[in-house]
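Geometric and topological summary
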Amino acid sequence: MHHPVPRPQSLPSAVAPRAELAPCLTPSLATVVSGARRRALRDGDRQIDTAHLLHSLVESDPEVGAAFEGGHQLARVLGYLVQRSIGYGLRWQRTEERSAVRRLLPAARGPESPAARTSPWSPAAAAALEGAFRRAAERGEPQARGLDLLAALAADPESRAVEVLRRAGIEPAVLTDRATGLLAGRDEEPSQQV
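Here is a short report on the structure shown in this document. (Residues numbered from 1 in each chain as written. Predicted model: local features only at pLDDT ≥ 70, side-chain atom pairs only at ≥ 80, totals over all residues. Heavy atoms only, no water.)

Attention shifts here to the nonpolar core. Leu-54, Phe-68, Val-77, Trp-121, Leu-149 and Leu-150 are the most contacted members of the largest nonpolar core, which totals 44 residues. Setting aside its immediate chain neighbours within four residues, Val-77 contacts Leu-54, Val-58, Phe-68, Val-164, Leu-165, Ala-168 and Ile-170. (Core = buried A, V, L, I, M, F, W, Y, C linked by side-chain atoms within 4.5 Å. Buried < 20%, exposed > 50% of the residue type's maximum accessible area, 1.4 Å probe, protein only. Contact = heavy atoms within 4.5 Å.)

Turning our attention to the pattern of salt bridges. Tallied over the entire structure, the rule returns seven salt bridges. Across the pair Arg-145 and Glu-63 runs a salt bridge, and its minimum N-O distance is 2.3 Å. Separated by 82 residues along the polypeptide, Arg-145 in the loop between helix H7 (123-138) and helix H8 (146-154) and Glu-63 in helix H4 (residues 62-65) bring together distant segments of the chain. In this structure, the salt-bridge partner of Glu-163 is Arg-167, at a minimum N-O distance of 3.6 Å. Of this pair, Glu-163 and Arg-167 both sit in helix H9 (residues 160-167), four residues apart, which is roughly one turn of the helix. Linked through salt bridges whose partners overlap, the residues forming this network are Arg-139, Glu-141 and Asp-148. (Salt bridge = Lys/Arg side-chain N within 4 Å of Asp/Glu carboxyl O. Helix = DSSP H or I, 4+ residues; strand = E, 2+ residues; numbered from the N terminus.)

A large share of H8 lies buried, amounting to nine of its nine residues. Turning to H8, its buried residues are Gly-146, Leu-147, Asp-148, Leu-149, Leu-150, Ala-151, Ala-152, Leu-153 and Ala-154. Turning to H8, the residues buried within the fold contact helix H2 (27-43), helix H3 (50-60), H4, H7, H9 and helix H10 (172-184).

Encoded structure:
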């Protein structure tokens, strides 16, 4: 028998104000989301996209660093992300980031929807957030963590975050697997068997 994954009641849409998203996020992930919002405003972008989320995750969430193979990978990712406002990524300005993931939050479902035009989230970022919430719910956790969001970001092959990861020489599928493994606790088991 198939049981649907419970959805957090407090996640009404992609246009949800911070207060409505807060119950669905760990404090660390709430910091990441706030950082992504500030970064988008500072860069003059109309929407928060997956590259903003990735940048904030890498800078703010210590758990996320463990999913990368080392400091050299993190440094390369940050290098591309920092260049966003000085050249790399300028072609992203004034364009909306779409998503390969078709299960979008209600406010991001269609370009004709007024809510989609006013959403602070790109469709790909909204899909990544929903994917993070879904991953947490599948584990029975009420709040998404940074690793949930990292895995969801890396799973969308058409996202700006994945473009940055690939340019930095990181295979997104491997990163998703590592983040998922860390969430499941598989990477911690060997150290506990001392």
